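Letter by letter, the chains look like this.
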Amino acid sequence: MRPTRIIAASGLTIAALGLSTGAALAKPVATTSPKLTGPNGAVTVTVTCDTGKAKRIAASSQGFRSGTVWLYRTHKHGKTYRGTARVASQLSGGPNHLGRYTTWGVNGNCPDGKQWSTTFKTDAKRPHGQVHTGVGTTSQDSNTTEIVAGAAVLATAAVGGTYFLRRRQNNHS
């Protein structure tokens, strides 16, 4: 082999080893959504670890109603974990003495023991809880099957009404 090919092959091998070592030393990535919520709101925590050996991992925050929630693996052999936590309704003892906006930390460990952390904010004046839109909507306690069935009943009534009106007009002429 030519010396340039040997050097090039060695360089590629070293680079590949360096990239795999860098990936192994990478810090887990953690995010929250939404970044701003109110008391009684919900916060979804997503964490991507280097390994997905556990079915679930814990996420802890003083801002969570229960203090700790479980994040479950999103795919059978995946490395991403996700879970939703309820924000406490009475937020007290927060890190910023609970002004209008308060930043809360969320932290935990990946299955390999690497620590992760992220944050979310609460707005004391932000509306919280479910939005109730009034009587007759499909926003609560209804599912797709019920909505489709209701639409089918209305369509049948419209077709039947049109049929009977046309039949009645034909009988009178």
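In what follows, the structure referred to is the one given above.
Since this is a predicted model, take the numbers as computed values, not measurements.

Analysis parameters
Every residue gets a number counted from 1 within its own chain, in the order that chain's sequence is written. Reporting in this predicted model follows two pLDDT cut-offs: at least 70 for local features of residues, and 80 or more for side-chain atom pairs to be given and counted; totals over whole chains, interfaces and linings ignore these cut-offs and use all residues. The basis for every side-chain value is the complete set of non-hydrogen atoms in the structure, without hydrogens or water. The helix count covers DSSP runs of H or I at least four residues long, the strand count covers runs of E at least two residues long, and both are numbered beginning at the N terminus. Whether a residue is buried, partly exposed or exposed follows from its accessible area with a 1.4 Å probe, protein chains only, as a fraction of its type maximum: under 20%, in between, or over 50%, in that order. Contact definition: two residues touch when any of their heavy atoms are within 4.5 Å. We define a salt bridge as a contact between a side-chain nitrogen of Lys or Arg and a carboxyl oxygen of Asp or Glu at a distance within 4 Å. Here, nonpolar core means buried Ala, Val, Leu, Ile, Met, Phe, Trp, Tyr and Cys residues that are tied together by side-chain atoms lying within 4.5 Å of each other. Any pair of Phe, Tyr and Trp rings, taking the six-membered ring for Trp, is counted once the centres come within 6.5 Å. Such a pair is stacked with planes under 30 degrees apart, edge-to-face with planes over 60 apart, and tilted for the rest. In our convention, an over-ring charge means Lys NZ or Arg CZ found within 6 Å of a ring centre and within 35 degrees of that ring's normal. Only a pair of cysteine sulfur atoms within 2.5 Å counts as a disulfide in this structure description.

**Regarding the overall build of the protein chain**
Assigned secondary structure in the protein chain consists of 2 helices and 8 strands. Of the regular secondary structure in the protein chain, the N- to C-terminal order runs α-β-β-β-β-β-β-β-β-α. With 173 residues in all, the protein chain has 23% of them scored as buried. Considering only contacts in the protein chain between residues 6 or more positions apart, those separated by 24 or more positions represent 58%.

**Side note on unusual backbone geometry**
Most peptide bonds take the trans configuration, and most residues that are not glycine carry a negative phi. Going from serine 33 to proline 34, the amide bond is cis rather than trans, its omega being -5°. Topologically, proline 34 is positioned in the loop between β1 (29–33) and β2 (36–37). Located in the positive-phi region is asparagine 40, a residue other than glycine, with phi close to 70°. Within the secondary structure layout, asparagine 40 lies in the loop between β2 and β3 (42–48).

**What to know about the pattern of salt bridges**
This structure, assessed with the given rule, holds 1 salt bridge. Between aspartate 50 and lysine 114 there is a salt bridge, with its nearest N and O atoms 2.5 Å apart. Here aspartate 50 is found in the loop between β3 and β4 (56–60), whereas its partner lysine 114 is found in the loop between β7 (101–109) and β8 (115–123), with 64 residues between them in sequence.

**Points about the nonpolar core**
Grouped together as the largest cluster of nonpolar side chains are 18 residues, with contacts concentrated most on Val45, Val47, Phe64, Leu71 and Trp116. For this core, the secondary structure elements donating two or more residues are β3, β4, β5 (68–73), β6 (80–86), β7 and β8. A total of 3 residues in this core trace back to one element, the largest contributor, which is β3. Dropping the residues within four chain positions of it, leucine 71 is found in contact with Val45, Val47, Lys55, Arg56, Ile57, Ala59, Tyr81, Arg82, Gly83 and Trp116.

**Digging into the environment of valine 87**
As for its position among the elements, valine 87 is in the loop between β6 and β7. By relative accessible area, which is 0% here, valine 87 ends up buried. Put simply, valine 87 and glycine 41 are 46 residues apart on the chain and 5.3 Å apart in space, counted from C-alpha to C-alpha. If we ignore the near neighbours within four places in the chain, the residues touching valine 87 are Thr37, Gly38, Pro39, Asn40, Gly41, Val43, Gly63, Arg65, Phe120 and Thr122.

**Structural notes on the packing of aromatic side chains**
According to the stated counting rule, one finds 1 aromatic pair in the structure shown. The interplanar angle of 10° and the centroid separation of 5.9 Å between the aromatic rings of phenylalanine 64 and phenylalanine 120 together place this pair among those described as stacked. Note that phenylalanine 64 is positioned in the loop between β4 and β5 and phenylalanine 120 in strand β8, a separation of 56 residues in sequence. Taken individually, phenylalanine 64 and phenylalanine 120 each receive the classification buried, so the pair is uniform in this respect. Geometry around tryptophan 70 places arginine 56 over its ring, the cationic atom sitting 3.7 Å from the centre.

**Comments concerning the state of the cysteines**
Taken as a whole and judged by the stated rule, the model has 1 disulfide. Disulfide pairing is shown between cysteine 49 and cysteine 110; the S-S distance is 2.0 Å. Because the sign of the S-S torsion sets the handedness, a value of about -80° for the bond joining cysteine 49 and cysteine 110 places this disulfide among the left-handed ones. Taken together, the residues span a long stretch of sequence, with cysteine 49 in the loop between β3 and β4 and cysteine 110 in the loop between β7 and β8 at a distance of 61 residues. Exposure class is identical for cysteine 49 and cysteine 110. Each is buried.

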